[in-house]
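Here is how the chains run, residue by residue.
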Amino acid sequence: MIGGRTEIEGGRTKIGLGKALHAQAGAVLSLQPDHPGAQHLLGRLHAAIMHMNRVRRFLATKVLGRGALASASWQEAQRLLEATASGDPCIADHHYELALLYADRGDHDAADRQIREMLRLTGSRSEAQTIVAKAVALLEDLDSGL
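Reading guide: rules and limits
All chains use their own residue numbering, which begins from 1 and follows the written sequence. Where local features are concerned, this predicted model is filtered to residues with pLDDT of at least 70; where side-chain atom pairs are given and counted, the filter is 80 or more; whole-chain, interface and lining totals use all residues. Excluded from the side-chain calculation are hydrogens and water; included are all heavy atoms of the structure. Helix and strand assignments follow DSSP, with helices taken as H or I runs no shorter than four residues and strands as E runs no shorter than two, numbered in order from the N terminus. Note on classification: 1.4 Å probe, protein chains only; a residue is buried when its accessible area is under 20% of the maximum for its type, exposed when over 50%, partly exposed between these limits. Every residue pair with non-hydrogen atoms within 4.5 Å of one another is taken to be in contact. Any carboxyl oxygen of Asp or Glu within 4 Å of a side-chain nitrogen of Lys or Arg constitutes a salt bridge here. Nonpolar cores are built from buried Ala, Val, Leu, Ile, Met, Phe, Trp, Tyr and Cys residues. Side-chain atoms within 4.5 Å join them into one set. Every helix has an expected span of 1.5 Å times one less than the residues it contains. Note: the arc covers the axis-to-C-beta directions of the helix. Here pLDDT means the predictor's own confidence in every residue, given as a number from 0 to 100.

1. Quick look at the overall build of the chain
Phase 1 of the analysis: When you go through the chain residue by residue, the secondary structure sums to eight helices and zero strands.
Phase 2 of the analysis: Along its sequence from the N terminus, the chain presents helices and strands in the succession α-α-α-α-α-α-α-α.
Phase 3 of the analysis: In the chain, which comprises 146 residues, the share counted as buried stands at 39%.
Phase 4 of the analysis: Long-range pairs, those at least 24 residues apart, make up 52% of the contacts in the chain between residues at least 6 apart in sequence.

2. Quick word on the pattern of salt bridges
Phase 1 of the analysis: Summed over all chains, the structure comprises five salt bridges.
Phase 2 of the analysis: In this structure, Arg-44 engages Glu-97 in a salt bridge whose closest nitrogen and oxygen atoms are separated by 3.6 Å. Here Arg-44 is found in helix α3 (residues 36-51), whereas its partner Glu-97 is found in helix α6 (residues 92-104), with 53 residues between them in sequence.
Phase 3 of the analysis: By relative accessible area, which is 14% here, Glu-97 ends up buried.
Phase 4 of the analysis: Between Arg-120 and Glu-117 there is a salt bridge, with the nearest N and O atoms lying 2.8 Å from each other. Here the residue Arg-120 and the residue Glu-117 both occupy positions in helix α7 (residues 108-122), the gap between them amounting to three residues, near one helical turn.
Phase 5 of the analysis: Arg-120 gets classed as exposed once you look at its relative accessible area, which sits at 57%.
Phase 6 of the analysis: On the basis of relative accessible area, Glu-117 is assigned to the partly exposed category, the value being 29%.

3. Comments concerning the nonpolar core
Phase 1 of the analysis: With 34 residues, the main nonpolar core has Leu-101, Ile-115 and Leu-138 as its most contacted residues.
Phase 2 of the analysis: The element best represented in this core is α6, accounting for seven residues.
Phase 3 of the analysis: If near-sequence neighbours (up to four positions away) are discounted, Ile-115 is found in contact with Ala-99, Ala-135, Leu-138, Leu-139 and Leu-142.

4. Brief notes about helix α5 (residues 74-87)
Phase 1 of the analysis: Over its 14 residues, α5 extends 20 Å from the first C-alpha to the last, a length consistent with the 20 Å expected when each residue adds 1.5 Å.
Phase 2 of the analysis: Within α5, burial applies to Trp-74, Ala-77, Leu-80, Leu-81, Thr-84 and Ala-85. The buried residues of α5 occupy an angular sector of 135° when the element is viewed end-on, so they sit on one face. Seen from the buried face of α5, the exposed residues on the opposite side, beyond 90 degrees, are Gln-75 and Ser-86.

5. A few points about the confidence of the model for the chain
Phase 1 of the analysis: Mean pLDDT over the chain: 81, with 82% of residues reaching 70 or higher.
Phase 2 of the analysis: Across the chain, the secondary-structure element scoring lowest on mean pLDDT is helix α1 (residues 2-8), at 40, and the one scoring highest is α5, at 94.
Phase 3 of the analysis: Scored below 50 in pLDDT, residues 1-9 shows 14 contacts in the model against residues more than four places distant or in partner chains.

Dropping the structure here:
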């Protein structure tokens, strides 16, 4: 629930939700270090922080976030999202988020492989259709030289 709200909220509310999400996912991972859902949420949180410009990132991690989000990095986002995709491979969203991260970092071949793996694993399952449509659009962008 918190993860979904972070997508639509802004400013201080988003940072507060990010802190709460970080704390909840951390609590889950302290009990079950390989929990794919918690790894997925933390990976997305790291990537979201890294997408911010320097000023917003400083405010989010040091001032408003009071250090809870200061460890955000592209490397940690990638590590977490890769663990998620391998730990729970039949969840389309895990592969899609990892493909987005690869695309953001300029590794279009890895993004392409991740999307194709997602399509192979999820097939035509109805619950995956929304994310599959997004992934196909990303694949088309990558193929056209985005």
